[in-house]
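# Structural overview for review
The lines below spell out each chain.
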Amino acid sequence: MGENTEALADFDGEVRCEAPNNRLDKFRGALSYKENKYSLDNEKILLRGCTLRNTEWCYGLVIFAGQDTKLMQNSGLSAFKRTNIDRLMNVLVLWIFGFLVVMCTVLAVGNSVWESYKGYYFQVYLPWIHKPPNSSFSGFLMFWSYVIILNTVVPISLYVSIEVIRLGSSFYIDWDTKMYYPKKNTPALARTTTLTEELGQIQYIFSDKTGTLTQNIMIFNKCTINGKMYGHARDFSGQRADITAKTEKVDFTFNSMADLKFVFYDHSLLEDVKICDPKVHEFFRLLSLCHTVMSEEKQKGLLVYQAQSPDEGALVTAARNFGFVFQSRTPETITVVEMGETKIYELLSILDFDNVRKRMSVIVRHPDRKLYLYCKGADTIVFERLNSSSQQLRDITTSHLDEFAGDGLRTLVLAYKELDEESFENWQKRYQEASIALENRDEQLSELYEEIEKDLKLLGATAVEDKLQDGVPQTIQTLSKANIKIWVLTGDKQETAVNIGYACNMLHEDMKKIFIIEGSSSEEVRVELRKASATMKEQDQAEDEVISIKQPKKQFFLPEEHVDGEYGLVINGDTLAHALEDLEVEFLKAACLCKTVICCRATPLQKAQVVELVKKYKKAITLAIGDGANDVSMIKAAHIGVGISGEEGTQAVLSSDFSFAQFRYLQRLLLVHGRWSYLRMCRFLRYFFYKNFAFTFVHFWYGFFCGFSAQTVYDEWFITLYNLVYTSLPVLAMSLFEQDVNDRWSMAYPQLYEPGQLNLYFSKLAFVECIIHGVYSSLVLFFIPYGALFEAVRDDGKTVSDYQSFALIAQTCLLVAVTLQIALDTTYWTAINHFFIWGSLAVYFAITFTMYSNGMYLMFPTSFPFIGTARNALNQPHVWLTIFLTAVMCVLPVILVRYLKGELKPTFSNKLRYKICQMKILPPKQAISRLKRPSARRSAYAFSHQRGFGALITSGKNMRIRTIGLIPSKTGASSNVDKQK
C-alpha cells in the first residue's frame, strides 16, 4: 500500500500491540469488547471485529505515529491469575497490620500512663540505662518494642505454607491414576500450583463442543427401512442383546471397496441387501446419490471422502459398506458401484439446503432412463410432503424415530418419487428461468422446490450418533447436581449444538421451555430477552422491567435469582454480537435464569467475551475447558482454564492451568481434588490464624501486669521454635491429607461441593471468628496459669510463682491447647498425622528439658537462663492439673459449638459422615450407563443452517476433469468446506 492510502484490515480475535521505546504507553493486550477505541496522536484503532483504520498495513506491521508496532491476532498477554483466597488474604493481612498498630498503641499509651503514675517507684526493678525525658517518649519507645514482640500476629510464614500446600495438591492431580488416559498415555497435569483450591469453588463452566464434549466422529448407528428397524445386536433367538466386546460384527469382506473402520452389529440388514430387497436397495441408493460429498480414489478401491459435514460422510460411508459405493462425480453425473456393478446416474438438478428448507433433494436419471427425485431432511419437514399412501408407514417410522431420539441419536428421514418426463421438462425450463432471474430469485426457486418436492414416498430414516466422549452425559449430570452451571460455547451450527445438548442431557423434554434467541437487531434481541426473562419470572409485562446497561461508577454484581422449573437458552453468533455490545446485562440476567445456555456460531473472541461478562457481573468463579486453538482466548479469560489434549494439537493445553485427555475427568478434578484442596486450605487458614492470635495475645494481656515494659511471656527459644518446629508440621500434615469423606463418596454425592461455591469455610466472617477464638484462648492461657501460680508453692514449700515457671507453664498450656485443637480439626487420620501431631508435642518436651538443663546453662549461660525450670515446675501435680484445665477450657467451647451445630443445624457433610459411621460401607462404584432422555425427534441436519454446495458442484468450479471419463480428482472442496466451517 502507498504511504498515504487508508488501510483497512479486519481481524477476529484479541489484539495485542507492542511498540518500541514505549511509545504506545503500555497498550492493553486483550482489549475487551467495551474498550473499542484507543487514541494515539490522532490515530485511532476501532475494534469492531478488530478493524484498523488510518494505518499502514504491510506484512504484519502496523505503523502508529511513525513507530513500528507488531500486531498479533488472538494473542493476548497472559494474565496473572490469583485466587479469591489470595485476594482475601491481602485484605486480611492489612487488617492484621491495623490490628497490630492498635494493640501497640494501646500498650504504648498504657506505658505512658504507667510511667507517669507508677514508674518512679519501680526504678529499682526496671531501671532505665538512659532515662527518657518524659513518659510520652517512653510510650513512643514501647510502641516500637511491642511492634517487635507482637509481630508474630502478622502471618509472615503463611504464604510459604500456602505454596507448599498448593504444591502438594498439584502433585496429587499429577499422580492420580484415575485421571490417566492409557490409550494415549496421557496423565492429568497441573500446569500451575496457585489455583488448586479455587477448583473447589467453580460455579460456571464454559465448554467447547467439538473435541471436548464430542469426538467429532459421526457413526451410522441405526436405521428404519419400510417399517423395519435395523441396528440392534441380536442373539441366536432373534432377541435384542447388549453390545459387548464379544458381540459379532457384520462382515463386509464381500465388498472390496468397503471401509474397514465401519462397524455395524445387525446382520439382518446385510442379509436384506444380499437378497435384493427393493426398498433396502432404494434406501442405500438414495444415500449414495443425495449428497454433496466429493471423492478421490488414491488407490484401486481405496476411496477418500471429503464431506461438507461429518453427517454426510457417515451416511455415504454406510451406503458404501452395504454395497452402494459412491465412486466419483462430475457436474453432470454421479458414478455408483452397486453390488459390484458400476452405474452412472445423470445428475439433472440439486435442490440445495438452506436454513428454512431443512432438506436437500437431487433429481437423477437412472441408467434405464427413468427420472427419480431423492430427498432427505428433517422429519417434520419431509412428513409434510408425503403422499397419503405413506400414512401407515409414517406412523411406524415415527415410533422408530422416537426411540432413536430417546437414545440421543440424530435422525434424518428419506423419501423419493418417480417423475414424469413431460412434467419434469416443464419444471426444468421454469427452474432455469428462475435461476437467472434478476429479481426475487430465491422466492421463485423456493416455489419451484415446493412444487416438485411433494407426493413423496417414504423410504425410512437414518440415525447417526455424534459420538460423545466417554462419560460426558454422566459427568454433566453429576456437575449439575453440584449446582454448577454449564454453558456450551461453540463455533458449530445451531442444530448441531442443540442435538449435542440433548445427547448430553443438558437439554431435555422436562424443561419448561427452551428459548431460541435469533433477533437480527439490537431491539429485536432486547424484546426476545425480556420476553424470556418475563416468562421465567412469570411476569406479565417484560417491558415494565427497566434495566440500565450504562457502566456504573462503582462495580456492581448481579444478585443470584432462582425460578421455578428448568429452562434452556440458545443464541447464535450474530445475535450474540448484539447482546454483548448493547445488551450485556439483559442477556446475562436472562441466561443466568436458565439451567443450560448454548452459544452457537461463536467466534473465539465472543467466547472470551461471554466469560468476561460473567466475571464482570457475577460474583462467581468460572472455568473454561476446550481442546483447540480457537478456545485459547476463552481459557485465558476464565479464572481457571482446562485444556484437553485431543485431536486438535496442544495450543489449548499450553494455555491452560490444568490439562487431561477426557472431559469426564473434569468431575474428579472438581468434586475430589478441587473440593479437598479448598477444604484443606480453609482449615489450614482457620487454624493458622487461631494459633497465631492465641500465641500473640498472651503478650498483650501480660503487658498489663509487667508495667507495659515490653517483657515477653515466653522463653525466647520457644518464640523462635513455635512456628518453626512445634506447630508447623501438624498443620502441614492436616493440610496435605485432610478429607471429610473419601473420593468415592465425594463423587457419589456432588452436593458436598456447594459449600465451596458459597465460601462457607473461610471468609471475612470466619476470620473474625478466628480472632474471637484466639482472644478467648489467650485469656484462658494467661489468666488460669496466672491464678493457679499466684501464691502457689511446691511440695517442699518453695515458691513456683516466679517469672520463669509462669513462662514455662503458659507456653506448655499453649502448645497442649493448640495440639488438641488441631486434633479436633483433623477428621482423616493417617500415620503421618499421628506422628507429626503427637511427635511435635514430644519434641517440645524433649527440647524443653534439654534447653533448661544444667549442661546447656553451663555452656551458654546467657542464651539458656531457664536452668532447672522444667524439672522443678513440671514435677508438681497442680501444674499438670493447671495444664489440663487450661487445655480443656480452650477446646470446650469449640466442642460445644460444633455439637450444637451438628444437632440443630447439620450440614450435608455432617449428615453424610454420620451415615457413613452408621453403615460402615463404601458407596457403589459409578456405573457408566447410557442416559436416556424423553423422546423428542431431532433433525440430523447439522448442516442445514447454511446453504449447501449444490450450485458449486453443478457449476464444476470446484473440480478438475482429469480424464475423458469425467472422473474427478482431489478438488478444492475441502478448502471450501473449511472456509464455510
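Residues numbered from 1 in each chain as written. Predicted model: local features only at pLDDT ≥ 70, side-chain atom pairs only at ≥ 80, totals over all residues. Heavy atoms only, no water.

### A closer look at the pattern of salt bridges
Within this structure, the stated rule accounts for 33 salt bridges. Its salt-bridge partner being E384, residue R385 comes within 3.4 Å of it at the nearest N-O pair. The exposed category is assigned to E384, whose relative accessible area is 61%. Its salt-bridge partner being R530, residue E586 comes within 3.1 Å of it at the nearest N-O pair. In this pair, E586 sits in helix α15 (residues 584-592) while R530 sits in helix α13 (residues 522-537), placing the two residues 56 residues apart along the sequence. Like R530, E586 is buried. (Salt bridge = Lys/Arg side-chain N within 4 Å of Asp/Glu carboxyl O. Buried < 20%, exposed > 50% of the residue type's maximum accessible area, 1.4 Å probe, protein only. Helix = DSSP H or I, 4+ residues; strand = E, 2+ residues; numbered from the N terminus.)

### Topic: the nonpolar core
Y146, F684, L685, F689, F762 and L814 are the most contacted members of the largest nonpolar core, which has 89 residues in total. The element best represented in this core is helix α19 (residues 665-703), accounting for 17 residues. If sequence neighbours within four positions are ignored, F689 has contacts with M89, L92, I96, P155, L158, F762, F767 and C770. Residues F220, L269, L289 and V336 belong to the second largest nonpolar core, which totals 53 residues. (Core = buried A, V, L, I, M, F, W, Y, C linked by side-chain atoms within 4.5 Å. Contact = heavy atoms within 4.5 Å.)

### Quick notes on the environment of I516
With respect to the helices, strands and loops of the structure, I516 is situated in strand β22 (residues 513-517). Apart from residues lying up to four places away in sequence, I516 is in contact with Q494, E528 and V570.

### Things to note about the confidence of the model for the protein
Taken residue by residue, the protein gives an average pLDDT of 80. The fraction at 70 or more is 81%. In this model residues 540-553 is a low-confidence stretch, pLDDT under 50, and it forms 19 contacts with partners more than four residues away in sequence or in other chains. (pLDDT = per-residue confidence, 0-100.)

### Let's talk about the packing of helix α1 (residues 84-117) against α19
Interhelical geometry of α1 versus α19 gives an angle of 5 degrees and a closest axis separation of 12 Å. As far as their axial angle goes, α19 and α1 are roughly parallel. Residues I85, M89, L92, I96, F99, M103, V106 and L107 of α1 pack against Y678, M681, C682, L685, F689, F693, F697, F700 and G703 of α19. Class assignment for the residues of the contact of α1 with α19 results in 16 nonpolar, one polar and no charged. (Axes fitted to C-alpha atoms, helices over the stretch in contact; angles between N-to-C directions. Parallel < 35°, antiparallel > 145°, perpendicular 65-115°, else oblique. Nonpolar A, V, L, I, M, F, W, Y, C, P; charged D, E, K, R; others polar.)

### Quick look at the layout of surface pockets
Over the atoms, a rolled probe matching the size of one water molecule traces out where space is still vacant. Roughly 1900 Å³ of internal volume is contained in the largest pocket. R686, R898, K901, T907 and N910 are, among the 46 residues lining the largest pocket, the residues nearest its centre. Mapped by element, the contributors of at least two residues to the lining of the largest pocket are α19, α23 (754-757), α24 (764-788), α25 (803-825), α29 (877-904) and α30 (908-919). Among the elements that make up the lining of the largest pocket, the one with the highest residue count is α29 (nine residues). (1 Å grid on protein atoms, 1.4 Å probe; cavity = no way out; pocket = protein on both sides within 12 Å on 5 of 7 lines; lining within 4 Å. Points joined across faces, edges and corners; volume = space filled by probe spheres on them.)

### So, the packing of aromatic side chains
Enumeration over the complete set of coordinates arrives at 66 aromatic pairs. Judged by centre distance (5.7 Å) and plane angle (55 degrees), the ring pair of F99 and F697 falls under tilted. With F99 in helix α1 and F697 in helix α19, this residue pair connects regions lying 598 residues apart in the sequence. For F99, a relative accessible area of 29% corresponds to the partly exposed category. Ring centres 6.0 Å apart and planes at 25 degrees place the aromatic pair F424 and W427 in the stacked group. (Phe/Tyr/Trp six-rings, centres within 6.5 Å; stacked < 30°, edge-to-face > 60°.)

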